[in-house]
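# Fold and contact review
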Amino acid sequence: MFKNASATRLSVLPIALLATITLAACGGNDEKVEKIQQQGVELQEQGKQLQNDAQKAAEDVKSGKRSAEDVQKELEEKTKDITDKAKDATNDAIDAAKEQGNLPDEAKKALEDAQKQVNATP
């Protein structure tokens, strides 16, 4: 029952990692870098909270306090919210990196391709 939420949550990790790697290449506007780093911290905190929520929800289902269907729906909604925020953070990081004049054209193209892939992910 909780596999979908866990699998979706895990899909956020590569997106957040991409944002971090992109940040490393960025090296520009401190305000933008700070914003993106804060987004990453918030995503990590939300991911941890989702794990805690999933554990509590599993206990609630086991004890009969809540239905498995209700729990699954709630966790999927929370997971989608985190995934959407991770996409935003990734797009912010890629945009910030592309704005820098010190990236070769090949690197910018790779970032644009990665951005298309991130945005194509449901």
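Quick caveat: nothing in here was measured; it's all calculated off a predicted structure.

Another point: the packing of helix 3 (residues 68-99) against helix 4 (residues 105-120). Taken N-terminus to C-terminus, the directions of helix 3 and helix 4 make an angle of 165°; their axes are 10 Å apart at the nearest point. With respect to each other, helix 3 and helix 4 are oriented roughly antiparallel. Considering the relative orientation of helix 3 and helix 4, their crossing is left-handed. Here helix 3 contributes Lys87, Thr90, Asn91, Ile94, Asp95, Ala97 and Lys98 to the contact with helix 4, which in turn contributes Lys108, Leu111, Glu112, Ala114, Gln115, Val118 and Asn119. Taken together, the residues that form the contact of helix 3 with helix 4 break down as 5 nonpolar, 4 polar and 5 charged.

Tracing the sequence through the fold places Gln115 in helix 4. Non-local contacts of Gln115, meaning those with residues more than four positions away in its chain, are made with Asn91, Ile94, Asp95 and Lys98.

What follows deals with the environment of Val118. By the secondary structure assignment, Val118 is in helix 4. In the structure, Val118 is positioned 27 residues away from Asn91 in sequence and 8.1 Å away in space, judged by C-alpha atoms.

On to the confidence of the model for the protein chain, then. Averaged over every residue, the pLDDT of the protein chain is 78; residues scoring 70 or more account for 75%. Residue range residues 1-10 is modelled with pLDDT below 50. Its contacts to residues more than four positions away, or to other chains, number 18 contacts.

Time to look at the nonpolar core. The biggest cluster of nonpolar side chains holds 8 residues, and these are Leu43, Leu50, Ala57, Val71, Leu75, Ile82, Ala86 and Ala89. Secondary-structure elements contributing two or more residues to this core are helix 2 (30-63) and helix 3. Among the elements that line this core, the one with the most residues is helix 3, at 5 residues. Ile94, Leu103, Leu111 and Ala114 belong to the second-largest nonpolar core, a separate cluster that totals 5 residues.

Side chains that differ in sign of charge can pair as their charged atoms come close. A full pass over the atoms with the stated rule returns 9 salt bridges. For the salt bridge of Lys56 with Asp60, the shortest nitrogen-to-oxygen distance reads 3.4 Å. You can see Lys56 and its partner Asp60 sitting in helix 2, 4 residues apart, about one turn around the helix. The residue Arg66 makes a salt bridge to Glu74 at a minimum N-O spacing of 2.3 Å. Since its relative accessible area comes to 27%, Arg66 is described here as partly exposed. Judged by its relative accessible area of 26%, Glu74 is partly exposed. Through salt bridges that share partners, Asp53, Lys56, Asp60, Arg66, Glu74 and Lys78 make up one connected network.

Bringing the environment of Asp53 into the picture now. Looking at the element boundaries, Asp53 is found in helix 2. What makes Asp53 buried here is its relative accessible area of 18%. Along the chain, Asp53 and Val71 lie 18 residues apart, while their C-alpha atoms are 9.5 Å from each other. With residues near it in sequence (within four places) discarded, Asp53 still touches Leu75 and Lys78.

Procedures and definitions
- Residues numbered from 1 in each chain as written.
- Predicted model: local features only at pLDDT ≥ 70, side-chain atom pairs only at ≥ 80, totals over all residues.
- Heavy atoms only, no water.
- Axes fitted to C-alpha atoms, helices over the stretch in contact; angles between N-to-C directions.
- Helix = DSSP H or I, 4+ residues; strand = E, 2+ residues; numbered from the N terminus.
- Parallel < 35°, antiparallel > 145°, perpendicular 65-115°, else oblique.
- Left-handed = near helix turned anticlockwise from the far one by under 90°.
- Contact = heavy atoms within 4.5 Å.
- Nonpolar A, V, L, I, M, F, W, Y, C, P; charged D, E, K, R; others polar.
- pLDDT = per-residue confidence, 0-100.
- Core = buried A, V, L, I, M, F, W, Y, C linked by side-chain atoms within 4.5 Å.
- Buried < 20%, exposed > 50% of the residue type's maximum accessible area, 1.4 Å probe, protein only.
- Salt bridge = Lys/Arg side-chain N within 4 Å of Asp/Glu carboxyl O.

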